[in-house]
Amino acid sequence: MSQGTREPTAELGLLDATMIGMGAMIGAGIFVLTGLAAEISGPAALLVFVLNGVVTAFTGLSYAELAASIPKSGGGYAFVREIFDDRSSFILGWMLWFAYMIAGALYALGFAPNFIELLHVYGFTPKPGSVGAIALPLSSIDIPVQLGLAFAAVTLLVVVNAISTAASGSAETFFTITKVIILLIFILFGFLSVGGGEPTSFTFQNFNPLFPDDSSALSILPAMGLTFIAFEGYDLITTVTEEVENPRENIPKAIFLSLAATVIIYALVVTVAIGTLGASGLAQAGEAGIANAATSFMPTGLPIIQNGGALIVFGAVFSTLTALNAVVIASSRVAFAMGREGQLIGSIGNLHHRFGTPFVAIIVSGVVMLLSVVLPTVSAGYMSSLFFLLSFVIVNFSVIKLRRERPDMTRPYKIPYYPAPPIIGIILNVLLTGVLVFYLIQNDQLALILSAGWITLGFIAYYGLNWLRSRSSATPSGGDGGGGTSGGPSDPTSGPGPSPDPDSDPTPTSDPVDAAVTDTDSSLSGDTDTQDSPAHTTAQEEI
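Quick look at the structure, then. (Residues numbered from 1 in each chain as written. Predicted model: local features only at pLDDT ≥ 70, side-chain atom pairs only at ≥ 80, totals over all residues. Heavy atoms only, no water.)

### A look at the overall build of the protein
Here's step 1: Along the protein, the regular secondary structure elements total 17 helices and two strands.
Here's step 2: Burial statistics for the protein: of 543 residues in total, 56% are counted as buried.
Here's step 3: Long-range pairs, those at least 24 residues apart, make up 81% of the contacts in the protein between residues at least 6 apart in sequence. (Helix = DSSP H or I, 4+ residues; strand = E, 2+ residues; numbered from the N terminus. Buried < 20%, exposed > 50% of the residue type's maximum accessible area, 1.4 Å probe, protein only. Contact = heavy atoms within 4.5 Å.)

Here it is, written out as structure tokens:
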């Protein structure tokens, strides 16, 4: 049973927080997207990853200031909840929650073929395409092996996260360090091949010309839109703010460390891949580009590893696991924050009385993650990227709005050269959003339809939950309402709402930490304008 009788426990250090960000960013993207980027932009694929890192850095600055000023779990949702009205914060939280869960389904499906390929390398199974289905006992249902492995991976990490935050953080740290070591080995062997005289020995001549003859510098924009998902992950650090020691200091540090390390690793990996295979060879290899590059210049007969291709497959297995674990953490914390604020079912915003984890939020997020597997994989991936880009625009705008409305607020970290970074972040993210939408109109209209459908479902859920709470608050039982929520607000800024329960706290969601541990009030509040509430500043100081 889950009970809202505990506060989140700070069990994660600076290293753990940094590894959550790096674990999410250095996912399968770097292994499969490098060849696709080279196909679009040639040797300029190196610029694609570097410039995406620059674009991401501007938003990273905004996340750092907001996380230091508002040290609450929930990431971008927590910031918008503090600054904007009830309905706007719900929709952003709804989009982020879905984006993380969709990303989790994609990572799980990416883990399955890589794991089968790893077993194939060591002779345990046929190739992934040759592996059949598993018949369920006592039934006539056959489950594809890859789907079964994806289900098992999600289930395992959901169980680990539900039982212990410290255990999930330690697992993330271990898996991330392992895959970083694998990539460093790849980089080392690549540069050691310089002057080897082989066709795939590293040479900078493969970067000349940087742009193919039939393209211009603008050709990198579509490639940037395609590979931007490889830089989504540092924001996950802010979803566990209350579970990190000294969050006002460690969260900004973890954001900058994870971003800097990831950009450097990406740049070196792409440099080695193009410098050995060449842009044309890398593009021809497509999603297997990095594996082909490793096989071409790394020695064979290595102990345990055998060859470069096997090393990259091994790295891809760890990458998908760390990325999956990171989004299990992030999605559940967004749901937990929304439940704690009374914007989802109250039990989602409670902590388990024994484990101290957002148990129900983790289970619900895991179930939705598994159900999301039925969505078209490519379309779901584009939906995830679209929602992340939109959320980054709003987060950058939130910094500007908070600076204007609360100039005297305590800010342990301030963005340098303000307001240039958030404005540049807004412009660049809007540009990438426009490029992505234009691409989807031409190539994947289903992704746009599904995105609009999810947002529409969010509005239905928002007004439906508020209607149910208004009925509960109107019952003679008053304060309890029978819903078990931790203080659900109405939408005070978008129109008149139901009258508040006179026996309830007039600002039940002004302190979300208190709301998480006082599971007694499910009535609607008549005043939840969090941006002007002094109780929010008190909550920040207490945290």
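From this point, the narrative continues.
### A short note on the nonpolar core
Here's step 1: Ranked by size, the top nonpolar core spans 140 residues in total, and within it Phe186, Leu324 and Leu344 carry the most contacts.
Here's step 2: In terms of residue count, the dominant contributor to this core is helix H5 (residues 86–121) (19 residues).
Here's step 3: The residues touching Phe186, leaving out its near neighbours within four places in the chain, are Val269, Val272, Ala273, Ile290, Ala293, Ala294, Phe297 and Ile312. (Core = buried A, V, L, I, M, F, W, Y, C linked by side-chain atoms within 4.5 Å.)

### Here we look at H5
Here's step 1: A rise of 1.5 Å per residue sets the reference length of H5, with its 36 residues, at 52 Å; its end C-alpha atoms lie 52 Å apart and thus fit the reference within 8%.
Here's step 2: Of the residues flanking the start of H5, the one acting as N-cap is Asp85, its side-chain oxygen 3.1 Å from the backbone nitrogen of Arg87.
Here's step 3: Just downstream of H5, Gly123 is the residue with a positive phi angle, here 80 degrees. (Expected span 1.5 Å × (residues − 1). Polar contact = N/O pair within 3.5 Å; in protein donor to acceptor, adjacent residues only side chain to side chain.)

### Some details on the packing of aromatic side chains
Here's step 1: For the coordinates displayed, the defined rule picks out 26 aromatic pairs.
Here's step 2: Look at Phe49 and Phe231: their rings are 6.5 Å apart centre to centre, the planes differ by 45 degrees, and that puts the pair in the tilted class. With Phe49 in helix H3 (residues 45–69) and Phe231 in the loop between helix H8 (220–227) and helix H9 (247–285), the pair connects residues that are 182 residues apart, well separated along the chain.
Here's step 3: Counting every residue linked through ring pairs, the aromatic cluster contains Phe90, Trp94, Trp97, Phe98, Phe387, Trp454, Tyr462 and Tyr463.
Here's step 4: Sitting above the plane of the Phe84 ring, Lys401 keeps its charged end 5.5 Å from the centroid. (Phe/Tyr/Trp six-rings, centres within 6.5 Å; stacked < 30°, edge-to-face > 60°. Lys NZ or Arg CZ within 6 Å of the ring centre and 35° of its normal.)

### Observations regarding the pattern of salt bridges
Here's step 1: The tally for this structure, following the rule as stated, stands at 10 salt bridges.
Here's step 2: For Asp86, the salt bridge goes to Arg81, with nearest N and O atoms at 2.6 Å.
Here's step 3: Overall, Asp86 belongs to the buried group, its relative accessible area being 2%.
Here's step 4: We classify Arg81 as buried; its relative accessible area is 2%.
Here's step 5: Through salt bridges with shared partners, a single ionic network connects Glu65, Arg403 and Arg411. (Salt bridge = Lys/Arg side-chain N within 4 Å of Asp/Glu carboxyl O.)

### A short note on the side chain of Ser384
Here's step 1: With respect to the helices and strands, Ser384 occurs in helix H13 (residues 377–405).
Here's step 2: Within the structure, the side chain of Ser384 is placed 3.3 Å from the backbone oxygen of Ala99, a separation counted as a polar contact.
Here's step 3: Sequence-distant contacts of Ser384, that is, excluding residues within four places in its chain, are made with Ala99, Ile102, Ala103 and Glu232.

### Remarks on a nonpolar patch on the surface
Here's step 1: Residues Phe191, Val194, Ile264 and Leu268 make up a contiguous nonpolar surface patch of roughly 320 Å² in combined accessible area.
Here's step 2: Relative to the helices and strands, Val194 resides in the loop between helix H7 (165–192) and H8.
Here's step 3: According to the relative accessible area criterion, Val194 is partly exposed, its value standing at 48%. (Patch = residues over 30% accessible without salt bridge, like charges linked within 9 Å, V, L, I, M, F, W, Y side chains within 5 Å. Areas by Shrake-Rupley, 256 points an atom, 1.4 Å probe, with all protein chains shown as cover.)

### Digging into the packing of H3 against helix H4 (residues 76–83)
Here's step 1: Two elements in contact, H3 and H4, have axes separated by 10 Å at closest approach and are oriented at 65 degrees. What the angle tells us is that H3 and H4 run roughly perpendicular. As for how H3 packs across H4, the hand of that crossing is left-handed. On the side of H3, the interface is formed by Tyr63, Leu66 and Ala67, while H4 contributes Gly76, Phe79 and Ile83.
Here's step 2: Class assignment of the residues belonging to the contact of H3 with H4 gives a composition of five nonpolar, one polar and no charged. (Axes fitted to C-alpha atoms, helices over the stretch in contact; angles between N-to-C directions. Parallel < 35°, antiparallel > 145°, perpendicular 65-115°, else oblique. Left-handed = near helix turned anticlockwise from the far one by under 90°. Nonpolar A, V, L, I, M, F, W, Y, C, P; charged D, E, K, R; others polar.)

### Describing helix H14 (residues 420–443)
Here's step 1: For H14, with 24 residues, the first-to-last C-alpha span of 34 Å sits near the 34 Å given by 1.5 Å per residue.
Here's step 2: The complete set of buried residues in H14 reads Pro421, Pro422, Gly425, Ile426, Asn429, Leu432, Thr433, Leu436 and Leu440.

### Overview of the environment of Met19
Here's step 1: Its place among the elements puts Met19 in helix H1 (residues 14–25).
Here's step 2: C-alpha separation for the pair Met19 and Ser258, spaced 239 residues apart in sequence, amounts to 7.1 Å.
Here's step 3: Not counting chain neighbours up to four residues away, the residues in contact with Met19 comprise Glu172, Thr173, Thr176 and Ile177.

### Regarding the side chain of Asp444
Here's step 1: Tracing the sequence through the fold places Asp444 in the loop between H14 and helix H15 (445–473).
Here's step 2: Of the side chains bearing the opposite charge, Lys179 lies closest to the buried Asp444, which forms no salt bridge; the N-O distance is 24 Å.
Here's step 3: Among all residues touching Asp444, those that are not within four sequence positions of it are Val378, Ser379, Tyr382 and Tyr439. (Lys, Arg positive; Asp, Glu negative; His and termini not counted.)

### Quick look at the packing of H5 against helix H6 (residues 145–163)
Here's step 1: The interhelical angle for the contact between H5 and H6, taken along N-to-C directions, is 120 degrees, at an axis separation of 8 Å. Considering only the axes of H5 and H6, their crossing is right-handed. Taking contact as the criterion, the partners of Ala108, Leu109, Phe111, Ala112, Pro113, Phe115 and Ile116 in H5 are, on H6, Val145, Gln146, Leu149, Ala150, Ala153 and Val154.
Here's step 2: Split by residue class, the contact of H5 with H6 holds 12 nonpolar, one polar and no charged.

None of the figures reported here should be taken as evidence of function without further support.
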